[in-house]
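# Commentary on secondary and tertiary structure
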Amino acid sequence: MSNFRQNHQSLWQHTAINPPKTETLEGSVQFDVTIVGAGITGLRTALELTKKGLSVAVLDKHEPGWGASGRSGGQINPLAHAQPNEIIDQLGPVFGPRMLDNYINSADEVFNIIEQYDLKCDAQRNGWLRGAHSRIAIPHLEKMAKNWSDLGLDIDSVEGNELHHLLGSEGYSYATRVKSGGSLHPLSYTRELARVALENGAKIYRDSEVTEVIKKGSSWQLTTNTAVVNSDWVVFCTNGYTDDSLKGLKETIIPLISVQAATRPLSDEEYSHVLPEGHTISDTRRVIYYGRKDNRNRILLGSLGTSELCVGSDRDRIHKAFEAVFPQFKPQDLEFFWGGRIAHTKDVLPHLHEPAPGILAGLGCNGRGIAMGTVMGRILSERVLGKKQQDMSIPTTPYNKFHFHRFYQVGVTITTKYFEARDALEVKFS
Ligand SMILES: Cc1cc2nc3c(=O)[nH]c(=O)nc-3n(C[C@H](O)[C@H](O)[C@H](O)COP(=O)(O)OP(=O)(O)OC[C@H]3O[C@@H](n4cnc5c(N)ncnc54)[C@H](O)[C@@H]3O)c2cc1C
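As the structure is a computational prediction, the values presented were derived from the model and not from experiment.

## Considerations on the environment of R298
In this structure, R298 sits in the loop between strand 14 (290-293) and strand 15 (299-305). Since 21 C-beta atoms lie within 10 Å of it, R298 is described here as buried. Along the chain, R298 and A262 lie 36 residues apart, while their C-alpha atoms are 6.3 Å from each other. Excluding residues within four positions of it along the chain, R298 makes contact with L11, A262, T263, P265 and L266.

## Quick word on the pairing of strand 15
Each regular strand carries side chains that alternate between the two faces of the sheet. Counted residue by residue, strand 15 has seven buried out of seven residues, so it is predominantly covered. Examined bridge by bridge, strand 12 (residues 253-263) and strand 15 share six bridges and lie antiparallel to one another. In the strand pairing of strand 15, A261 is matched with L301. The pairing of strand 14 with strand 15 spans four bridges and is antiparallel. Counted as the bridge partner of G291 is L301 from strand 15.

## Considering the nonpolar core
Residues V56, V58, A197, V235 and L301 are the most contacted members of the largest nonpolar core, which totals 122 residues. For this core, the element with the highest residue contribution is helix 3 (residues 84-117), accounting for eleven residues. Here A197 is in contact with L43, A46, L47, T50, A202 and I204, once residues within four sequence places are set aside.

## Brief notes about the site of the ligand
Taken together, 44 residues surround the ligand, and among them G39, G67, G73, G340 and G369 come closest. Considered class by class, the residues forming the shell around the ligand number 13 nonpolar, 24 polar and seven charged.

## Remarks on the confidence of the model for the protein chain
Low pLDDT marks stretches whose predicted atomic positions should not be read closely. Chain-level statistics for the protein chain give a pLDDT mean of 95 and a share of 98% at 70 or above. Below pLDDT 50 for its whole length, residues 1-7 participates in eleven contacts with residues either more than four positions away or in separate chains.

## Remarks on the packing of helix 2 (residues 40-51) against helix 9 (residues 369-384)
Contact geometry for helix 2 and helix 9: axes closest at 7 Å, N-to-C directions at 40°. If you check the angle between helix 2 and helix 9, you find them oblique. Judged by the sense of rotation from one axis to the other, the crossing of helix 2 with helix 9 is right-handed. Here helix 2 contributes I40, T41, G42, R44, T45, E48 and L49 to the contact with helix 9, which in turn contributes G369, I370, G373, T374, M376, G377, R378, L380, S381 and V384. Its residues assigned to classes, the contact of helix 2 with helix 9 comprises six nonpolar, eight polar and three charged.

## Considerations on the packing of helix 2 against helix 6 (residues 186-199)
One can describe the packing of helix 2 onto helix 6 by two numbers: an axis separation of 9 Å at closest approach and a directional angle of 20°. Taken together, helix 2 and helix 6 sit at an angle that is classed as roughly parallel. Here helix 2 and helix 6 pass one another in a crossing that is left-handed. Contacts between helix 2 and helix 6 involve I40, L43, R44, A46, L47 and T50 from the former and T190, L193, A194, V196 and A197 from the latter. A per-class count over the contact of helix 2 with helix 6 returns eight nonpolar, two polar and one charged.

## Looking at unusual backbone geometry
Leave glycine aside and you will find that most residues have negative phi; peptide bonds, for their part, are mostly trans. Its identity as a non-glycine residue notwithstanding, D118 has a phi of 50°, on the positive side. The class for D118 is exposed, based on 8 C-beta atoms found within 10 Å. Phi angles above zero are rare outside glycine, and N239 is one such case at about 40°. With respect to the helices and strands, the residue N239 is situated in the loop between strand 11 (227-236) and strand 12.

## A look at the environment of P255
Tracing the sequence through the fold places P255 in strand 12. Residues P255 and S303 lie 48 residues apart in sequence; the distance between their C-alpha atoms is 14 Å.

What counts, and at which threshold
- Residues numbered from 1 in each chain as written.
- Predicted model: local features only at pLDDT ≥ 70, side-chain atom pairs only at ≥ 80, totals over all residues.
- Helix = DSSP H or I, 4+ residues; strand = E, 2+ residues; numbered from the N terminus.
- Buried ≥ 20, exposed ≤ 12 C-beta atoms within 10 Å, placed from the backbone.
- Contact = placed C-beta atoms within 7 Å.
- Pairing = 2+ DSSP bridges.
- Core = buried A, V, L, I, M, F, W, Y, C linked by C-beta atoms within 7 Å.
- Near = placed C-beta within 6 Å.
- Nonpolar A, V, L, I, M, F, W, Y, C, P; charged D, E, K, R; others polar.
- pLDDT = per-residue confidence, 0-100.
- Axes fitted to C-alpha atoms, helices over the stretch in contact; angles between N-to-C directions.
- Parallel < 35°, antiparallel > 145°, perpendicular 65-115°, else oblique.
- Left-handed = near helix turned anticlockwise from the far one by under 90°.

Structure (structure tokens):
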């Protein structure tokens, strides 16, 4: 077991590989590039830049994998939330198709990196099932399957008894199946990215909270609690944990809470019956259910929630999720509960910002950051290495802020309750 310090008890903390050796940054130092946030996005950026010979520091308020990257469901889902034509409408004829390609190729990119660096993260590529929570949702899924398949994604549908067999339950009767999807151990993946970044020369610092960024001569100066860093480039990869250190960035996302639970270790018989072919699952509920197996005889299931500790009503929601999808497991079968923050953007797409020359931010993977955070890190590194904005595969956009951002918690609570009620009605009358 690692010495990971968090405000939650995740299964991943108990089963991850050991954390990389990192220190707190002290004194006055200089790097070509400073990256804020040691999650998947920041560490992938660091890896690509150090491979090109740049001196790179990654600073984290806590430690590598402390954020969503170490807490997630670990699903590698190569698909956007929207239909392809909606993305083309939003981003236009140049960046729209490039964004679609980013999604479609994102799972391959993750598996390629895992293979290239031999990352020890329990990666499996058994496909992803997205279930219809009610009959009303089926036409939407059919349309998604057709439109994304026309673009080359290997997606089909599965229903009835065949689906019940793949689930090990009757939780859904219609689902789309994306064969290139898969799963990994998210904390081990993040720690392994840190390992290879370190091996390639990156410096990674823990307990180093960036509190201010100012222009100092021709470079940028970052202040932490214990150090001052000067760099030509500063890259913010803080996603759902974005704070006020870069003015205005926080207002571009709503940090939604996602919560999940893992069962006790199951008997081989119980375990082999559920998701027998190792698919991951999620569904069409507005207040989504998502789940998978780990490779140590446990089943995980999650949803949206209100507290990163996954307490109170969040546990009730998880219990309901199990009752709906895997009713064979009861509340007393659940051993770990935890949660974390997802960065939700206004258009539900990831965003790249360059608010001043030499300052970059890449965030907003909207719950698909295992794959898209990995892609985003590469794209951020390309910009630092000189790629022109017009040639990038994600457009560089001005901040698109949420109005009344400081009241977001009230808004999220009310919306979640409303959406949950609509989901429940649709299930009841379907
Ligand atoms: C419960 C849960 C389940 C999820 N399930 C899935 C899933 O199955 N599949 C999927 O694709 N995605 C999933 N996601 C989303 C995915 O985990 C994220 O999109 C992805 O991990 C984001 O990675 P990141 O590196 O951009 O940010 P993070 O991993 O969140 O890292 C941000 C880091 O920034 C640091 N930081 C913030 N401010 C500062 C500062 N001022 N100074 C220094 N450091 C700072 C934080 O300490 C943190 O470590 C899930 C998320 C959650 C919370």
